[in-house]
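The lines below spell out each chain.
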Amino acid sequence: MAAVESYPMKGGDGSFSYTKNSTFQKSASSAVQGLICSAITEKFDAMNFLLPITATTPSATATIRLADLGCSVGPNTFTAMQNVMDTIETKAKSLSFKNPQFQVFFNDHAGNDFNTLFTSLPFDRAYFSAGVPGSFYGRLFPDSSLHFIHSSYSLQWLSKEPKELLNKESEAWNGGRIHYTSAPRGVEDAYARQFSEDMELFLGERARELVVGGMMVLIMPCIPDETVAHSQVPAGIMFDLLGASLVDMAEAGVISQEQVDSFNLPIYGVSPMEMQSLVKKNGRFSIERMELTDPTSARKNNEGGSKTTGDDNTIANHLRAGMEGIFSKHFGVEKIDELFDRFSKKTIEFSDKFKSSIKQGTQLFIVLVKKN
Ligand SMILES: C[S@@+](CC[C@H](N)C(=O)[O-])C[C@H]1O[C@@H](n2cnc3c(N)ncnc32)[C@H](O)[C@@H]1O
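Just so it is clear, the structure is predicted and the values come from calculations on it, not from any experiment. (Residues numbered from 1 in each chain as written. Predicted model: local features only at pLDDT ≥ 70, side-chain atom pairs only at ≥ 80, totals over all residues.)

Novice: Account for the overall build of the protein chain, naming residues and giving values.
Specialist: Helix and strand content of the protein chain: 13 helices and 7 strands. Its C-alpha atoms give the protein chain a radius of gyration of 21 Å, within 12% of the compact-globule value 21 Å for 372 residues. In terms of overall dimensions, the protein chain has a C-alpha envelope of 75 × 40 × 35 Å along the principal axes. With 372 residues in all, the protein chain has 43% of them scored as buried. Of all intrachain contacts in the protein chain linking residues separated by at least 6 positions in sequence, the fraction that spans at least 24 positions is 82%. (Helix = DSSP H or I, 4+ residues; strand = E, 2+ residues; numbered from the N terminus. Rg over C-alpha atoms; globule rule 2.2 N^0.38 Å. Buried ≥ 20, exposed ≤ 12 C-beta atoms within 10 Å, placed from the backbone. Contact = placed C-beta atoms within 7 Å.)

Novice: Give me the pairing of strand S4 (residues 146-152): which residues, what numbers.
Specialist: Along any regular strand, the residues point their side chains to alternate faces of the sheet. Extensive coverage of S4 is indicated by the burial of 7 of its 7 residues. Relative to S4, strand S1 (residues 63-69) runs parallel, the two being bridged by 3 bridges. Looking at S4, one finds that Ala67 is bridged to Ile149. As judged from the 6 bridges shared by S4 and strand S5 (residues 210-221), these two strands associate in the parallel manner. Residue Phe148 lies in a different strand from S5, and its bridge partner there is Met215. Crossover handedness for the path S4 to helix H6 (residues 185-209) to S5: right-handed. (Pairing = 2+ DSSP bridges. Right-handed = clockwise from strand over helix to strand, strands pointing away.)

Novice: Tell me about the nonpolar core, and please be specific about residues and values.
Specialist: Membership of the largest hydrophobic core comes to 95 residues, with the highest contact counts inside it found for Leu66, Val84, Met216, Val217, Ile219, Met220 and Met238. With sequence-adjacent residues up to four places away left out, Val217 is seen in contact with Ile36, Ala39, His150 and Val367. (Core = buried A, V, L, I, M, F, W, Y, C linked by C-beta atoms within 7 Å.)

Novice: I'd like a rundown of H6, residues and numbers included.
Specialist: Between its first and last C-alpha, H6 extends 36 Å over 25 residues, near the 36 Å set by a 1.5 Å rise per residue. The complete set of buried residues in H6 reads Val187, Ala190, Tyr191, Gln194, Phe195, Asp198, Met199, Phe202, Arg206 and Glu209. The inward-facing, buried residues of H6 abut S4, S5 and helix H9 (272-282). (Expected span 1.5 Å × (residues − 1).)

Novice: Just give me the short version of unusual backbone geometry, but keep the residues and values in it.
Specialist: A cis amide bond links Gly74 with the next residue in sequence, Pro75, at an omega value of 5°. The topology assignment puts Pro75 in the loop between S1 and helix H4 (76-94). Even without a glycine there, the phi angle at Ser72 is positive, about 60°. Along the chain, Ser72 turns up in the loop between S1 and H4.

Novice: Describe the site of the ligand, and please don't skip the residues or the numbers.
Specialist: Around the ligand, the structure places 24 residues, and the nearest of them are Gly70, Ser72, Asn76, Ser154 and Trp157. Looking at the shell around the ligand, the elements that each hand over two or more residues are helix H1 (23-30), H4 and strand S2 (101-108). Looking at the shell around the ligand, its residues break down into 8 nonpolar, 15 polar and 1 charged. (Near = placed C-beta within 6 Å. Nonpolar A, V, L, I, M, F, W, Y, C, P; charged D, E, K, R; others polar.)

Novice: Describe in detail the environment of Ser152, supporting the description with residues and values.
Specialist: Its place among the elements puts Ser152 in strand S4. Note on Ser152: 25 C-beta atoms within 10 Å, which makes it buried. Linking Ser152 and Pro221, residues 69 residues apart in sequence, is a C-alpha distance of 9.0 Å. If sequence neighbours within four positions are ignored, Ser152 has contacts with Gln25, Ser29, Ala80 and Ile219.

Novice: Tell me about the packing of helix H7 (residues 234-251) against helix H12 (residues 336-349), and please be specific about residues and values.
Specialist: One way to put it is that H7 packs onto H12 with a least axis distance of 9 Å and a crossing angle of 125°. Relative to H12, the element H7 is oriented oblique. Between H7 and H12 lies a crossing of right-handed hand. Contact residues: Leu241, Leu242, Ala244, Ser245, Leu246, Asp248 and Met249 in H7; Glu338, Leu339, Arg342, Phe343, Lys346 and Thr347 in H12. (Axes fitted to C-alpha atoms, helices over the stretch in contact; angles between N-to-C directions. Parallel < 35°, antiparallel > 145°, perpendicular 65-115°, else oblique. Left-handed = near helix turned anticlockwise from the far one by under 90°.)

Novice: Tell me about the sheet that holds strand S6 (residues 285-293), residues and numbers included.
Specialist: Taken together, the 7 strands give an open sheet; going across it, the order is S3-S2-S1-S4-S5-S7-S6, and neighbouring strands pair in mixed fashion. Each edge of the open sheet is held by one strand with a lone partner, namely strand S3 (128-133) and S6. Strand-to-strand twist in this sheet, taken as the mean axis angle between neighbours without regard to direction, amounts to 15°. Here 6 bridges tie S2 to S3, and the two strands are oriented parallel to one another. What sits directly across from Val104, in S3, is Ser129. Packed onto the sheet, H4 meets S1, S2 and S4 and runs at close to 150° relative to S1. Contacts from H6 reach S4, S5, S6 and strand S7 (363-370) within the one sheet, and its direction differs from that of S5 by about 145°.

So, to be careful, I would describe these as geometric facts and stop short of saying anything about function.
This is the structure we're talking about:
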């Protein structure tokens, strides 16, 4: 398969690390925890995957194999996987099945900081664990070896930037911008084509790796529908402001205009209809549930209000933890402090835009089950 570009989250546990700057993804994952529990309770194929307490060999125990794709360095992956295992155990108990053993595979790009992940694995975990390096746009596991796949806030990363964006003759030429937010239609279409190609690979490989009846839960940033412009959702606003910060740096002579013109973020926010048609095209999964959710709802419920308002540098720190790698590779490590400093000031200046942006329905939750 073609090479996949890899820009892992910031490792370690320093002040700009993903470990310390992933509360947005944590809250996004909490917002759908209840939905994951009910999907498992209602649709997980316990009859075929678990063993009854009355199994003839008393020592026989089923093993359930789970994978978290794009797990990063934690701690969100540990919470998400534990939630899945707890729910499967509850289901086993309620149906008088034996408690299974669990094996959890943590997957991310080879460049991910697996050391931090491994050293922070919960010491009291009751599961076997393993790291699986590699791109989820390629093959990761043997045929029919997994019962449950989870992936949260990872599938928005494309395997690469669409190459047409760099062609000045093409209608997808994206000079002066770093994303398709506020760009001509041709640019967005190029991104959509790349997402569609990537999703075809992703679904094809997962269909081979999941057992029949196996479940796949995907959580991804999205736009609620085609009528909502990307510039109205928080992610789009962030990418516009990041682009504007880079243009300011080019005007100040800190970086060159050519560097800005040749950089594009390989990130895409799908719509539910688009995702539905890609799953249907693949044909190997039934869509058991598909719902739009609000990634900030759990935080609002717990703390009486969303914190992602742009009033402080939370947004800049979160974005830096996720994107420092890709920006430093293109613009140079020495430009990163200035970039995120400028960006942080812009998020404060435009905090009203964040406050009035559309948050409800900007997170897609999908439950797929592998068909026969
Ligand atoms: C925003 S983090 C999400 C991490 C975690 N799931 C969470 O919710 O906190 C996205 C992760 O996806 C990983 N990722 C992106 N593209 C990938 C690919 N093609 N294969 C494997 N991992 C990928 C990144 O390296 C990164 O660690």
